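Close look at the chain arrangement
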Amino acid sequence: MSIFEYAPAPESRSIVDIKGSYGLFVNGEFTDGHGTPFKTVNPATEEVLAEVAEADASDVDAAVKAARKAYDKVWGPMPGRERAKYLYRIARILQERAREISVLETIDNGKPIKESRDVDVPTAAAFFFYYAGWADKLEHSGYGSTPLGVAGQVIPWNFPLLMLAWKIAPALACGNTVVLKPAETTPLTALLFAEICQQADLPPGVVNIITGAGATGETLVGHPGIDKVAFTGSTGVGKAIARTVAGSNKKVTLELGGKAANIVFDDAPMDQAVEGIVNGIFFNQGHVCCAGSRLLVQESVADEVLERLKRRMSTLRLGDPLDKNTDVGAINSAAQLARIHELSDIGEAEGAGRWSPECELPANGFWFPPTVFTGVSQAHRIAREEIFGPVLSVLTFRTPSEAVEKANNTPYGLSAGIWTDKGSRILDIAGRLRAGVVWANTFNKFDPTSPFGGYKESGYGREGGRHGLAAYLKGADA
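Conventions used here
Residues numbered from 1 in each chain as written. Predicted model: local features only at pLDDT ≥ 70, side-chain atom pairs only at ≥ 80, totals over all residues. Heavy atoms only, no water. Helix = DSSP H or I, 4+ residues; strand = E, 2+ residues; numbered from the N terminus. Rg over C-alpha atoms; globule rule 2.2 N^0.38 Å. Buried < 20%, exposed > 50% of the residue type's maximum accessible area, 1.4 Å probe, protein only. Contact = heavy atoms within 4.5 Å. Areas by Shrake-Rupley, 256 points an atom, 1.4 Å probe, with all protein chains shown as cover. Lys, Arg positive; Asp, Glu negative; His and termini not counted. Charge placed at Lys NZ, Arg CZ, Asp CG, Glu CD. Axes fitted to C-alpha atoms, helices over the stretch in contact; angles between N-to-C directions. Parallel < 35°, antiparallel > 145°, perpendicular 65-115°, else oblique. Left-handed = near helix turned anticlockwise from the far one by under 90°. Salt bridge = Lys/Arg side-chain N within 4 Å of Asp/Glu carboxyl O. Phe/Tyr/Trp six-rings, centres within 6.5 Å; stacked < 30°, edge-to-face > 60°. Lys NZ or Arg CZ within 6 Å of the ring centre and 35° of its normal.

Remarks on the overall build of the chain
- Within the chain one finds 14 helices and 20 strands.
- What you see for the chain is a C-alpha radius of gyration of 22 Å, in line with the 23 Å of a compact globule of 478 residues.
- For the chain, the C-alpha atoms occupy an extent of roughly 65 × 45 × 35 Å along the three principal directions.
- Residue burial in the chain is summarised as follows: out of 478 residues, 59% are buried.
- Within the chain, contacts between residues at least 6 apart in sequence are counted, and of these 75% link residues at least 24 apart.
- With an accessible surface of roughly 18200 Å², the chain has 50% of that area assigned to carbon and sulfur atoms.
- Once the 48 positive and 56 negative side-chain charges of the chain are each reduced to a mean point, those two points are 6 Å apart.

Shown next as structure tokens:
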């Protein structure tokens, strides 16, 4: 029992004006969709937030044509220094409207407000600032300075605004125009971004936002007027996209699933490591493709790490995502919650030990407690399949070579973490891990100047940094 309890500190919803219905954003204006409208809900309460238009094939075609016209007539020929001004303007508006955007993201997505406020929105603005700086320096990038044309971009529901920024900022900086489809469960911040494009006086057609489910994304990816496809999401959908574009001239980048290993050696700074473990798997309810969902602990310190981890997990506060004290918010959808339950039940059935701290789950909404599995082998499904929830699998190792072997024993290769006091060990292990990003004595740190991407079934191509320009320029093999 804690000595004291936090008083509720909810962020006000009044700063956000959620409309009853939303249309598509095509050629600088909001228009009606021709598909069947769908509803977006607050995952913390199951309250219907708004009705959102669905784009059918004719709507996708109109958006691509608007993007093509803007590319040919305005954005493509525009000097980089002029394009930069628009990106800087968008970045400043994101900062000015940060509180409003953060609240909307939390309501529509279910993530804690402190994560929307302190991570998602500031990092999204930073991406626009960073790539604005590249817009007039592309000839120094090593990839040339010729844009591809029209980019079709499909983003997931776990970081709706941040993934939008990762996609749109480099595309625009390089002179491309964009048709972007947000996830059907989290469309509202993308539609607010459309308003920001209007506020920034972005030329019509440079950015187009079309909403809908998988069929809409499939139509966009397959449209013959698209020159570049960028997708973040599941490995299964990524494979389908790769098959769709095979044989075409479209450039593709895919950022897909992960099952990251977070490796703790016996000389690790333990308090710091436990915080890194918690951040690695419970940040954003584990809805993170690079989440540290496999904890590999050196056998000699495994009991100590687990004891400290359970003690720390017992302090996590699950509940109202708009409360500034909340650490663990709501699962994004009923479908995702069912997936987490299914794989967790399989883990228990296969003999792994399951533990969660005592916490009261709200009566409404989609919730899952922070969970850790012990006694996990490499054969367990919970050690091999991406759960995409607040579920940690713990495995042990004796030697550094065994740690590397177990870490690499996965079809994924997106990220990994290393916890040790030895710099030489960090460099040695990092060089042997088959992962696109390796964090040392930290986890889940993102910076617009640093490239991010994976190997194997985690996709190909890089986003962020100078490398992120390669995906949107003709002079690069990306």
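We are not done yet, so read on.
Comments concerning the packing of helix α3 (residues 98-109) against helix α4 (residues 113-134)
- Where α3 contacts α4, the axes come no closer than 9 Å and their chain directions differ by 125°. When the axis of α3 is compared with that of α4, the two are oblique. Between α3 and α4 the crossing geometry is right-handed. Across from A98, I101, S102, V103, E105 and T106 in α3, the residues of α4 making contact are I113, S116, R117, D120 and V121.

Brief notes about unusual backbone geometry
- Despite not being glycine, Q285 has its phi angle at roughly 60°, a positive value.
- In this structure, Q285 sits in the loop between α9 (270-282) and β12 (294-298).
- Note on Q285: relative accessible area 0%, which makes it buried.
- The backbone of N441 shows a phi angle near 55°, a positive value even though the residue is not glycine.
- Its location among the elements puts N441 in the loop between β18 (437-440) and β19 (455-456).

What to know about the pattern of salt bridges
- Overall, the coordinates contain 28 salt bridges when judged by the stated rule.
- For D120, the salt bridge goes to K111, with nearest N and O atoms at 2.5 Å.
- Under the relative-accessibility criterion, D120 is labelled buried at 0%.
- If you follow the salt bridges from partner to partner, you end up with K19, R97, E100 and E195 in one network.

With respect to the packing of aromatic side chains
- On inspection of all chains with the given rule, the structure shows 15 aromatic pairs.
- An aromatic cluster is built from F127, Y130, Y131, W166, W439, F443, F446 and F452, whose rings are joined through pairwise contacts.
- One cation-aromatic arrangement involves K228 over Y472; the distance from NZ or CZ to the ring centre is 5.1 Å.
- Its end group placed over the ring of Y455, R462 keeps NZ or CZ at 5.1 Å from the ring centre.

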